[in-house]
Amino acid sequence: MTQPENTQRRTVGIYRWLAGGRRGFEGYLYVLHRISGTALLLFLAMHVFFTAARLLGQETWERLMAATQSPVLIFLEYLVYCAFVFHALNGVRLILVELGFAVGKPDHPAYPYRGSIHRQRPLAIVLMVITGLLIALGGFELLRFPHG
Amino acid sequence: MAQLTFRIRRFQPGRGDTGWQDFSVESSPGMTILDGLHHIREHQDGSLAWRHSCRMGVCGSCGLIVNGEPRLACNTQVESLTGSRISLEPLWNFPVAKDLVPDLSSLFEKHSAVAPYLVRDDSEDDGSDGRELAQSPAELDQFLQFTSCIKCGVCMAACPTLASDPDFLGPMPLTAAYRYNADSRDSGFDARKTKLAGRHGMSHCHYAAECSRACPKGVDPARAIQLLKRDLVLDLLGVRRREPAPPVDGRAPRTRDGLQAPPFTVPSPPENPDE
Amino acid sequence: MRETAYWLINIACAIVILVLLGVHMGVMHLDAILARLVGTVPEPLAWENMVNRGKSTTQVVLYIVLLGTALFHGFYGLRTMLLEFFSSDRAARVITAGCVTAGGVLFVTGTAVTVVFALNGAG
């Protein structure tokens, strides 16, 4: 897109994803989905290399696994779990919505406007409540009873 | 009457962003943002620039950012906003010409890029033979909602994808494309497909639904885009059900006896009655 | 329509990941909850159990499927975000090539480790 003469290009970018705290519910889910996805990809890359330590024998493996029982790493493991639960359940909604199943049929545009947002909102709320429950449950298990 | 502060982001051609400027305006019942702007220009600062035409939510000229949300200035009553300070900025995701005037050229360029008109193989049937393209009410309902778009650019300012990718087609052009794809008289799906499924097309929409939340006309662009995606996927899988646009001759002609409507002529003025 | 195809594969991967990673998470990280539901479960991180898993053909196949789908899904998502920030055609080619390379390296590494371990055990 060419910039017309005598106009001022405004800064765009990542901070506008948040729109100064004025996004709607789905807008924040969109931002969280991106953040959790990036975090999970980073974790996956690390995970592939760290689990390769099993090729180095039992002793190395057990030393590495003992190291993962430190409070910091347990908390990070919990964050990965949270990211996964959120990304998975929000992803279920996104698959349904983006394939056109949860957005409803085209409506007559008459007041009060109730469009696709209202149509898929109950699904979003139910899935986020389940996410909250699973995160709480996982927190209980992962943080309070560290295994090993 | 409460005293309001209009906090306006000023942009001057050549000088760029000159920061926020406060104006004090007395509120009155039924007063809109647009009324406030008129008041400021008439009584306080004649150099303040914004764009408007109809004052009643039809023309789509006066989109701007009110307290961090894209809206129409004429459609927003100051009493519906909380607090006495109202911040106004030009629409996001567009370059600024002056003060609250965004340059919407990119919107119209993207709009015309998706062929927002009926595309037909029998292109000579342009209505000049006096026949019409008939359509059932059920067929009309497939896209009626998306015809209400007034091209105000509010959805484009709300879109988080456009915030990071200025080349993304955006909610309004994608909705316009779906409006014609879903039209029973149209057969331009394949012509639009390359653009819609391209690198700046539908795959960058992730249903943040900000466009639908912001739309002042209830067009629901987010719904149109998801339905568009479904069509593109069904098309890719080769299972998109699509009857070809009915030929003009396949439907009833306009007049009852199959006659052509008489050509429209401008009636000549009556002779001078005095003579 | 290449982008539509990528997007559709991405969704298909998401469904596979949802199932496989759900099981993986349940077994590896929530073993305490699992133990409550089904009695005792083997400690997932213990050496012998890890060796048993790594030698089972089903496990090895599922590991590789999960790795492949997760990498496609992850790098497709990363590419989508990066393409928004760098939208020129040249940048797009670099980003796509980078994502394919990084995903390929991780897939080959993970698969090689899994297969070598299944065949030879620890070196």
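Residues numbered from 1 in each chain as written. Chains lettered and ligands numbered in written order. Predicted model: local features only at pLDDT ≥ 70, side-chain atom pairs only at ≥ 80, totals over all residues.

1. A few points about the overall build of chain B
Part 1: For chain B, the count of helices and strands is nine helices and seven strands.
Part 2: For chain B, restricting intrachain contacts to residue pairs at least 6 apart in sequence, the fraction spanning at least 24 positions comes to 68%. (Helix = DSSP H or I, 4+ residues; strand = E, 2+ residues; numbered from the N terminus. Contact = placed C-beta atoms within 7 Å.)

2. Considerations on the domain arrangement of chain B
Residue and element names in this part refer to chain B.
Part 1: Splitting chain B by domain gives domain 1 (3-102) and domain 2 (105-248).
Part 2: Computed from C-alpha atoms alone, the centre-to-centre distance between domain 1 and domain 2 is 31 Å.
Part 3: Domain 1 puts 16 residues into the contact, and the matching count from domain 2 is 15 residues.
Part 4: Going through the elements one at a time, β3 (63-66) and β4 (69-72) are the ones with two or more residues in the side of domain 1 that touches domain 2. (Domains from an automatic or database assignment.)

3. Focus: the packing of helix α6 (residues 171-181) of chain B against helix α9 (residues 221-236) of chain B
Residues and elements named next belong to chain B.
Part 1: Running from N to C, α6 and α9 cross one another at 55°; their axes reach a closest spacing of 8 Å. One way to sum up the angle between α6 and α9 is to call them oblique. Taken as a pair, α6 and α9 cross one another with a handedness that is left-handed. In this structure, α6 uses P171, M172, L174, T175, A177, Y178, R179 and N181 to contact α9, whose residues at the interface are P221, A224, I225, L227, L228 and D231.
Part 2: Grouping the constituent residues of the contact of α6 with α9 by class yields ten nonpolar, two polar and two charged. (Axes fitted to C-alpha atoms, helices over the stretch in contact; angles between N-to-C directions. Parallel < 35°, antiparallel > 145°, perpendicular 65-115°, else oblique. Left-handed = near helix turned anticlockwise from the far one by under 90°. Nonpolar A, V, L, I, M, F, W, Y, C, P; charged D, E, K, R; others polar.)

4. Quick word on unusual backbone geometry
Glycine aside, negative phi is the norm for most residues, and most peptide bonds take the trans geometry.
All names here are of chain B.
Part 1: Of note in this structure, N67 is not a glycine but carries a positive phi near 50°.
Part 2: Residue classification places N67 among the partly exposed positions, given that 18 C-beta atoms sit within 10 Å.
Part 3: Here N93, not a glycine, exhibits a phi torsion of approximately 65°, which is positive.
Part 4: Relative to the elements of secondary structure, N93 occurs in the loop between β5 (85-89) and β6 (96-98).
Part 5: Classification of N93 by C-beta neighbours within 10 Å gives buried; the count is 26. (Buried ≥ 20, exposed ≤ 12 C-beta atoms within 10 Å, placed from the backbone.)

5. Let's talk about the confidence of the model for chain C
Part 1: For chain C, per-residue confidence averages 89 on the pLDDT scale, and 98% of positions sit at 70 or higher.
Part 2: Overall fold confidence (pTM) sits at 0.88, and the ipTM for the predicted complex is 0.90. (pLDDT = per-residue confidence, 0-100.)

6. Examining the nonpolar core
Residue and element names in this part refer to chain B.
Part 1: Counting 73 residues, the largest nonpolar core has C155, L174, Y178 and L228 as its most contacted members.
Part 2: Considering every element that reaches this core, the biggest residue donor is α9, with seven residues.
Part 3: If you count residues domain by domain, this core takes at least three from each of domain 1 (3-102) and domain 2 (105-248).
Part 4: Dropping the residues within four chain positions of it, C155 is found in contact with P171, M172, C211, A214, C215 and P221. (Core = buried A, V, L, I, M, F, W, Y, C linked by C-beta atoms within 7 Å.)

7. Quick look at the interface of chain B and chain A
Part 1: Contact with chain B, which involves 45 residues of that partner, is made by 36 residues of chain A.
Part 2: Those elements giving two or more residues to the side of chain B that touches chain A turn out to be β2 (16-26), β6, α2 (105-113), α5 (160-164), α8 (210-214) and α9 of chain B.
Part 3: No other element matches the seven residues that α9 of chain B contributes to the side of chain B that touches chain A.
Part 4: Counted by class, the side of chain B that touches chain A contains 19 nonpolar, 13 polar and 13 charged residues.

8. Side note on the sheet that holds β3 of chain B
Residues and elements named next belong to chain B.
Part 1: Taken in spatial order, the five strands of this open sheet run β2-β1-β5-β3-β4, and their pairing is mixed. Where the open sheet ends on each side, the last strands, each with one partner, are β2 and β4. Sheet twist, expressed as the mean angle between neighbouring strand axes with direction ignored, is 30°.
Part 2: The sheet contact formed by β3 and β4 spans four bridges and is antiparallel. Its bridge partner lying in β4, L64 is registered against R71.
Part 3: Most of the contacts of helix α1 (residues 33-43) go to β2, to which it runs at about 100°, and overall it touches β1 (3-12), β2, β3 and β5. (Pairing = 2+ DSSP bridges.)

9. What to know about the interface of chain C and chain A
Part 1: The partner chain A presents 29 residues to the 27 residues of chain C that form the contact.
Part 2: Among the secondary structure elements, those contributing two or more residues to the side of chain C that touches chain A are α1 (2-28), α2 (31-38), α3 (47-55), α4 (57-85) and α5 (89-120) of chain C.
Part 3: In terms of residue count, the dominant contributor to the side of chain C that touches chain A is α5 of chain C (six residues).
Part 4: Across the side of chain C that touches chain A, the residue classes tally to 19 nonpolar, seven polar and one charged.

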